[in-house]
Amino acid sequence: MALHMTEVNDELGSFLLGARRRTYAAQNSSDRVPSLLADSTQFEFAQGDWYYRDLYFGVLRFTGIELVTYRGAAIWSMSYSGGIADESIAEEQSARVYDFLKRALRQDSVIAPSRGPKTYREGIYAYRNDANGSIERFHGHECITCNGEVAYELRCCGGNVQ
């Protein structure tokens, strides 16, 4: 018997939180898999009837999609695009920004429509996540500043797939 959509959304939020912590945001993710598409990076995570896939292209600037299936049927998706604000920065500095991003994403404890906590600070870095809507239908903006200057931005939108 299939769950009602409200029950699915309640479980979906918890599943997404766990899947994100174990894939891209993980310190040492073992859930990176060979990509379906050339020149892309892919993470996957499965738990019971739930399956998560995150597939993206690029590093400094990127675009991607997260997809969740339940019992083999696509039920939720988020598309996103963003990256380092100044592509001329040194590789070492961009690596520090992305390391901070992963730490910020691991701080999320609230089931929100997009990823990450509302705010997070650590040293010279500050993370902010502004999302509008609910897990069923949303759009959002994620930003990292370094010493008050924008270092990274991401825009996303998504929701239930029916």
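Presented here is an overview of the structure given in this document. (Residues numbered from 1 in each chain as written. Predicted model: local features only at pLDDT ≥ 70, side-chain atom pairs only at ≥ 80, totals over all residues. Heavy atoms only, no water.)

As a further point, take the pattern of salt bridges. Summed over all chains, the structure comprises 8 salt bridges. A salt bridge links R103 to E122; its shortest N-O distance comes to 2.5 Å. Taken together, the residues span a long stretch of sequence, with R103 in helix α2 (residues 91-106) and E122 in strand β6 (residues 119-122) at a distance of 19 residues. We note a salt bridge from E142 to R115, for which the minimum N-O separation is 2.9 Å. On the criterion of sequence distance, the pair formed by E142 in strand β8 (residues 137-146) and R115 in the loop between α2 and β6 is long-range, its members being 27 residues apart. Taken together, the shared-partner salt bridges in this structure form one network comprising K118, R128 and D130. (Salt bridge = Lys/Arg side-chain N within 4 Å of Asp/Glu carboxyl O. Helix = DSSP H or I, 4+ residues; strand = E, 2+ residues; numbered from the N terminus.)

Attention now goes to the sheet that holds strand β9 (residues 149-160). Strand order in the open sheet made by the 9 strands is β1-β2-β3-β4-β5-β9-β8-β7-β6, with antiparallel pairing throughout. A single partner strand is all that each edge strand has here, and the edge strands are β1 (32-33) and β6. Pairing of β1 with strand β2 (residues 40-47) involves 2 bridges; the strand directions are antiparallel. By the bridge assignment for β2, R32 is matched with F43. (Pairing = 2+ DSSP bridges.)

Positive phi is not limited to glycine here, since R71 has a value of about 50°. For R71, the location among the structural elements is in the loop between β4 (61-70) and β5 (73-84). Positive phi, close to 55°, is recorded for N147, a residue that is not glycine. Within the secondary structure layout, N147 lies in the loop between β8 and β9.

Time to look at the packing of aromatic side chains. In total, this model carries 13 aromatic pairs according to the counting rule given. A ring pair is formed by F62 and Y152, whose centres lie 6.3 Å apart and whose planes are at 25°; its orientation type is stacked. Placement of F62 in strand β4 and of Y152 in strand β9 is noted, with a sequence separation of 90 residues between them. By relative accessible area, F62 is classed as buried at 11%. On the accessibility criterion, Y152 (0% relative accessible area) is buried. With centroids separated by 5.2 Å and ring planes inclined at 25°, the aromatic side chains of F100 and Y125 adopt a geometry described as stacked. Linking F100 in helix α2 with Y125 in strand β7 (residues 125-134), this pair joins segments that are 25 residues apart in sequence. Of the two residues examined, F100 and Y125, each falls in the buried class. The ring of Y24 has K102 sitting right over it, with the charged end atom 4.9 Å from the ring centre. If you follow R115 out to its NZ or CZ, it ends over the ring of Y80, 5.9 Å from the centre. (Phe/Tyr/Trp six-rings, centres within 6.5 Å; stacked < 30°, edge-to-face > 60°. Buried < 20%, exposed > 50% of the residue type's maximum accessible area, 1.4 Å probe, protein only. Lys NZ or Arg CZ within 6 Å of the ring centre and 35° of its normal.)

Moving on to the layout of surface pockets. Empty space within the largest pocket amounts to approximately 420 Å³. Around the largest pocket, the lining is made up of 24 residues, and of these Y24, Y56, V59, Y98 and K102 lie nearest the centre. Elements supplying a minimum of two residues to the lining of the largest pocket: β2, β3 (50-58), β4 and α2. A total of 6 residues in the lining of the largest pocket trace back to one element, the largest contributor, which is α2. Partitioned by chemical class, the residues of the lining of the largest pocket number 12 nonpolar, 6 polar and 6 charged. (1 Å grid on protein atoms, 1.4 Å probe; cavity = no way out; pocket = protein on both sides within 12 Å on 5 of 7 lines; lining within 4 Å. Points joined across faces, edges and corners; volume = space filled by probe spheres on them. Nonpolar A, V, L, I, M, F, W, Y, C, P; charged D, E, K, R; others polar.)

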